[in-house]
Protein chains: 2
Amino acid sequence: MRKLRHEEISRPSMDEAKLLPKHPVTVVLDDVRSVYNVGAIFRTSDAVRIERVLITGITATPDNRGLHKTALGAQDSVPWRYMATAGEAASTLKSGGYTICALELTDAPTLTTRLPHSAFPVALVVGNELTGVSDPVLKQADYALEIPQYGIKQSLNVAVAFGIAVYDLVRIWRKHSQP
Amino acid sequence: MRKLRHEEISRPSMDEAKLLPKHPVTVVLDDVRSVYNVGAIFRTSDAVRIERVLITGITATPDNRGLHKTALGAQDSVPWRYMATAGEAASTLKSGGYTICALELTDAPTLTTRLPHSAFPVALVVGNELTGVSDPVLKQADYALEIPQYGIKQSLNVAVAFGIAVYDLVRIWRKHSQP
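Residues numbered from 1 in each chain as written. Chains lettered and ligands numbered in written order. Predicted model: local features only at pLDDT ≥ 70, side-chain atom pairs only at ≥ 80, totals over all residues. Heavy atoms only, no water.

To continue, consider the side chain of A:Thr56. Looking at where A:Thr56 falls in the secondary structure, it is placed in strand β2 (residues 50–56). At 2.7 Å, the side chain of A:Thr56 and the backbone oxygen of A:Leu29 are in polar contact. (Helix = DSSP H or I, 4+ residues; strand = E, 2+ residues; numbered from the N terminus. Polar contact = N/O pair within 3.5 Å; in protein donor to acceptor, adjacent residues only side chain to side chain.)

Note that the residue after A:Phe120, namely A:Pro121, is joined by a cis bond; omega there is 0°. Its location among the elements puts A:Pro121 in the loop between β5 (109–111) and β6 (122–126). With phi around 55°, A:Asp31 is a residue other than glycine that occupies positive phi space. Considering the arrangement of structural elements, one finds A:Asp31 in the loop between β1 (23–30) and α2 (35–47). Judged by relative accessible area, A:Asp31 falls into the partly exposed class, the value being 29%. A positive phi angle, near 50°, is found at B:Arg49, a position not held by glycine. The exposure class of B:Arg49 is buried, given its relative accessible area of 13%. (Buried < 20%, exposed > 50% of the residue type's maximum accessible area, 1.4 Å probe, protein only.)

Residue and element names in this part refer to chain A. In the structure shown here, the tally under the stated rule is 15 salt bridges over all chains. Its salt-bridge partner being Glu 51, residue Arg 52 comes within 3.4 Å of it at the nearest N-O pair. You can call Arg 52 partly exposed: its relative accessible area is 30%. (Salt bridge = Lys/Arg side-chain N within 4 Å of Asp/Glu carboxyl O.)

Residues and elements named next belong to chain B. Inspection of the sheet shows strand β4 (residues 99–103) paired to strand β7 (residues 143–146) by three bridges, in the parallel sense. Bridge pairing in β7 links Ala 102 to Ala 144. Inspection of the sheet shows strand β5 (residues 109–111) paired to β7 by three bridges, in the parallel sense. The partner of Leu 111 across the bridge, within β7, is Glu 146. (Pairing = 2+ DSSP bridges.)

Turning our eyes to something else, we now look at the nonpolar core. A:Leu124 and B:Leu124 are the most contacted members of the largest nonpolar core, which has 84 residues in total. Sequence-distant contacts of A:Leu124, defined by excluding residues within four places in its chain, comprise A:Val25, A:Thr26, A:Val27, A:Val28, A:Cys101, A:Leu103, A:Leu145, A:Phe162, A:Ala165, A:Val166 and A:Leu169. (Core = buried A, V, L, I, M, F, W, Y, C linked by side-chain atoms within 4.5 Å. Contact = heavy atoms within 4.5 Å.)

Here we come to the interface of chain A and chain B. In this assembly, 62 residues from chain A lie in contact with 62 residues from chain B. Buried surface at the junction of chain A and chain B, both sides included, amounts to about 5,300 Å², of which 56% is carbon and sulfur. Taken as a group, A:Met1, A:Tyr150 and A:Ile152 account for 17% of the area that chain A buries against chain B, more than any other trio of residues on that side. If you look at where chain A meets chain B, you find three salt bridges. For the salt bridge of A:Arg2 with B:Asp107, the shortest nitrogen-to-oxygen distance reads 4.0 Å. In this structure, the connection of chain A to chain B is made through 32 residue pairs in polar contact (both at pLDDT 80 or more). At the level of secondary structure, the elements contributing two or more residues to the side of chain A that touches chain B comprise α1 (14–19), α2, α4 (74–77), α6 (135–140), β7 (143–146) and α7 (158–177) of chain A. For the side of chain A that touches chain B, the element with the most residues is α7(A), which contributes nine residues. The residue makeup of the side of chain A that touches chain B, split by class, is 29 nonpolar, 19 polar and 14 charged. (Buried area = accessible area lost by both parts, 1.4 Å probe. Nonpolar A, V, L, I, M, F, W, Y, C, P; charged D, E, K, R; others polar.)

This part takes up the relation of the copies chain A and chain B. The transform that puts chain A on chain B rotates by 180° and translates by 0.0 Å along the axis, for an RMSD of 0.0 Å. Such a combination of rotation and displacement between the chain copies is what one expects of a two-fold axis. Here 100% of the contact residues of chain A are again contact residues in chain B; the copies associate through an equivalent surface. (Least-squares fit on C-alpha atoms with pLDDT ≥ 70 in both.)

Residue and element names in this part refer to chain B. Strand order in the open sheet made by the seven strands is β3-β2-β1-β6-β4-β7-β5, with parallel pairing throughout. Two strands in the sheet have a free side with no partner beyond their single neighbour: β3 (80–83) and β5. With direction set aside, neighbouring strand axes in the sheet form an average angle of 30°. With six bridges joining them, strand β1 (residues 23–30) and strand β2 (residues 50–56) adopt parallel strand pairing. Across the sheet, residue His 23 finds its bridge partner in β2, namely Ile 50. The strands touched by helix α5 (residues 86–95) are β1, β2, β3, β4 and β6 (122–126); relative to β1, the strand with the most contacts, the crossing angle is about 160°. (Axes fitted to C-alpha atoms, helices over the stretch in contact; angles between N-to-C directions.)

The quantities given are spatial measurements derived from coordinates; they are silent on function.
Given below as structure tokens:
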């Protein structure tokens, strides 16, 4: 086998991408502290072609220089918006017909692979590295999504957990929506 | 729903974990440049309970201070070893019966969800952030694993891609190996 050269990798252009349908997932960043994590989440959001990133609270926006370095341009291809709080973002999305899914360990977990197709469109809320998803979001959450963990530590890195979860969600959507 | 407190999250202790069977995957880090990525990969490797991390070339080892900060202790629960080159690591693993899987875009891709169960035990090779998996590994690779990407950029962050891929592999293993 042979590694593909950059020019051999087929990707839509920025203009083409704007015409392509997005997978019906919006991610809400609820006080994500690390610019590095926000950048990685933008790259994943571009790769998996979801609707938008809602940035809330203390989370860095693409105006932040460090984010440019880690997002590697994905902040220009993924629509984003800032809102003051994740609770406000969740209630706006909920009014708009979104199912609120918190990526959080709770007493009522649903595996990321088991979300029903009827739940789409989905707002996937990713929380702070230390304190997790905020209470105002959890109060409105329809599902708390969980990734099975078998190790001795208590958590995956937030950008990694988001990557695993959003790919699982998009697979559920595509399985039921594609020919 | 209610967020779990730390003490409510059920995890094995370090001693218990040593007795639990590992999922038959070894990850090879082939010149991974960022300490942050190596730390996140250790955390994921703990969470998904795989056999070990083989660190090669310029990849930081757990002696690196920055790695301690990002691995958050996972470097103590996941067995690891340093080898000079990823090519050497791959040939040692191949002699030991491992299937060599490069996480890389090639002209002969296999989706991470489609690896046959008969491929286990698996050596999953993750490459440098800029140049990808090295040629000496690709020459020995049985599979080049690919994560579908729908965006305009050409790649996921390496720690995120590893997380998605290793969870897919472990699900394949568990689906066919668990009661």
